[in-house]
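Examination of the molecular architecture
Spelled out, the chains give:
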Amino acid sequence: REFGEVSLKDIDNVAKSSFPLCMRHLFDKLREDHHLKHWGRMQLGLFLKVLLNSIGLFMEFIWNISKLPHPLTLAFTCYLSNPLMQQPMELGVGLKLDDALAFWKAEFSQKVGAERFDKEYAYSIRHNYGKEGKRVDYTPYSCQKIISLTPSVGDHHGCPYRHFSEENLRAALCKMGVNSGGVEDVMDKVRHKHYQLACTLTFEAIHGCPNDAGINHPNQYFSDSQKILKS
Ligand code: SF4
């Protein structure tokens, strides 16, 4: 397969090897419960949709700084407020729409039945792909956005480094293959609220090599991981 393309038969393997903890948690919960609430479906669904290349990440960075109240950046705001400018540049398609529908349907059908999935859930997946409603090709969430979310009881979205209890986070890190010294380093960053640095240390512990740029987007985590695993 092309770099950046994920097919249904590969998805469990790549989830294990290359998903950051936020997406791994959602993925595992979906497989376990055959259901995710709205924000979980959004966070995971948009992540699965596309892989960002560096231009896409740069655009996201510009979009984020354009929100700052600086006269020079305000000019960018008007320009970038066009929905077209908020789209990531695609390195390649992640999960194609048909595959995404099949993926979600296979899980949700076990909980709510195929008919209810088609009626109540398929629309929002097509919507994420820009095939319904305003037809905006929605951008996957950045770390900054995911960290700022506030999951309620029963929700599984958000950033585990910020939203998990210490006990759950330690267990999740062990499950990902981080050794005990690495877990302590990660927990130290979490205590200081450096969630993206904690994620970067996790990446480095699992892949056995540095990530000098640091993690600022789940799709960047994924593509950096795939580059290392395929080299
Ligand atoms: Fe996901 Fe970013 Fe949190 Fe890592 S730091 S778990 S990529 S939201």
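Heads up: these notes are all about the structure in this document. Since the structure is predicted, the reported quantities are computational estimates derived from the model, not experimental observations.

Secondary structure summary: the protein contains 13 helices and two strands in total. When burial is assessed residue by residue, the protein has 46% of its 231 residues classed as buried. In the protein, the proportion of contacts linking residues at least 24 apart, taken out of those at least 6 apart, comes to 62%. Just so you have it, the protein exposes about 12,000 Å², and 56% of that area is on carbon and sulfur atoms.

On to the nonpolar core, then. Inside soluble globular proteins, nonpolar side chains tend to come together where they are buried. Counting 52 residues, the largest nonpolar core has Phe19, Leu44, Trp104, Tyr161 and Leu173 as the members making the most contacts within it. Per element, the largest residue contribution to this core is seven residues, and it comes from helix 6 (residues 97–112). Setting aside chain neighbours within four positions, we find leucine 173 in contact with Leu21, Tyr161, Val178, Val183, Val186, Met187 and Thr202.

Let us look at the packing of aromatic side chains. The full count for this structure, using the stated rule, is twelve aromatic pairs. Where phenylalanine 19 meets phenylalanine 27, the ring centres are 5.7 Å apart and the plane angle is 85 degrees; that geometry is what we call edge-to-face. Phenylalanine 19 sits in the buried class, given a relative accessible area of 3%. Looking at phenylalanine 27, the relative accessible area reads 3%, which means it is buried.

Turning next to the environment of isoleucine 146. Mapped onto the secondary structure, isoleucine 146 falls in helix 8 (residues 143–148). Residue isoleucine 146 is classed as buried on the basis of its relative accessible area, which comes to 2%. Between the C-alpha atoms of isoleucine 146 and proline 160, which are 14 residues apart in sequence, the distance is 9.7 Å. Every residue in contact with isoleucine 146, bar those within four places of it in the chain, is listed here: Met23, Gln43, Tyr141, Gly158, Cys159, His163 and Pro218.

A separate point is the pattern of salt bridges. Scanning the model with the defined rule gives 13 salt bridges in all. A salt bridge links aspartate 118 to lysine 105; the shortest N-O distance between them is 3.1 Å. Linking aspartate 118 in helix 7 (residues 114–128) with lysine 105 in helix 6, this pair joins segments that are 13 residues apart in sequence. On the basis of relative accessibility, which here comes to 29%, the residue lysine 105 falls in the partly exposed class. Note that arginine 116 and glutamate 120 form a salt bridge whose closest N and O atoms lie 3.1 Å from each other. Placement of both arginine 116 and glutamate 120 in helix 7 is noted, with a separation of four residues, approximately one turn of the helix. Given a relative accessible area of 38%, arginine 116 falls into the partly exposed group. Each of Asp12, Arg31 and Glu107 takes part in salt bridges that share partners, so that together they form one network.

Calculation criteria
Within every chain, residues take consecutive numbers counted from 1 along the sequence as written. In view of the model being predicted, local features appear only for residues whose pLDDT reaches at least 70, and side-chain atom pairs are presented and counted only at 80 or more, with totals across whole chains, interfaces and linings using the full set of residues. Only hydrogens and water are set aside when side-chain values are computed; all heavy atoms of the structure are taken into account. The helix count covers DSSP runs of H or I at least four residues long, the strand count covers runs of E at least two residues long, and both are numbered beginning at the N terminus. Relative accessibility decides the category of a residue: with a 1.4 Å probe and only protein chains considered, values under 20% of the type maximum give buried, values over 50% give exposed, and everything between is partly exposed. Throughout, a residue-residue contact means that at least one pair of heavy atoms, one from each residue, lies within 4.5 Å. Only the protein chains shown count as covering a residue, and every accessible area follows the Shrake-Rupley method with a 1.4 Å probe. Only buried residues count toward a nonpolar core, which is a set of Ala, Val, Leu, Ile, Met, Phe, Trp, Tyr and Cys residues joined through side-chain atoms within 4.5 Å. Paired rings are identified among Phe, Tyr and Trp, the last through its six-membered ring, by centres lying within 6.5 Å, and are further divided according to the angle between planes into stacked (under 30 degrees), edge-to-face (over 60) and tilted (the rest). Salt bridges are defined by distance alone: a side-chain nitrogen of Lys or Arg within 4 Å of a carboxyl oxygen of Asp or Glu.

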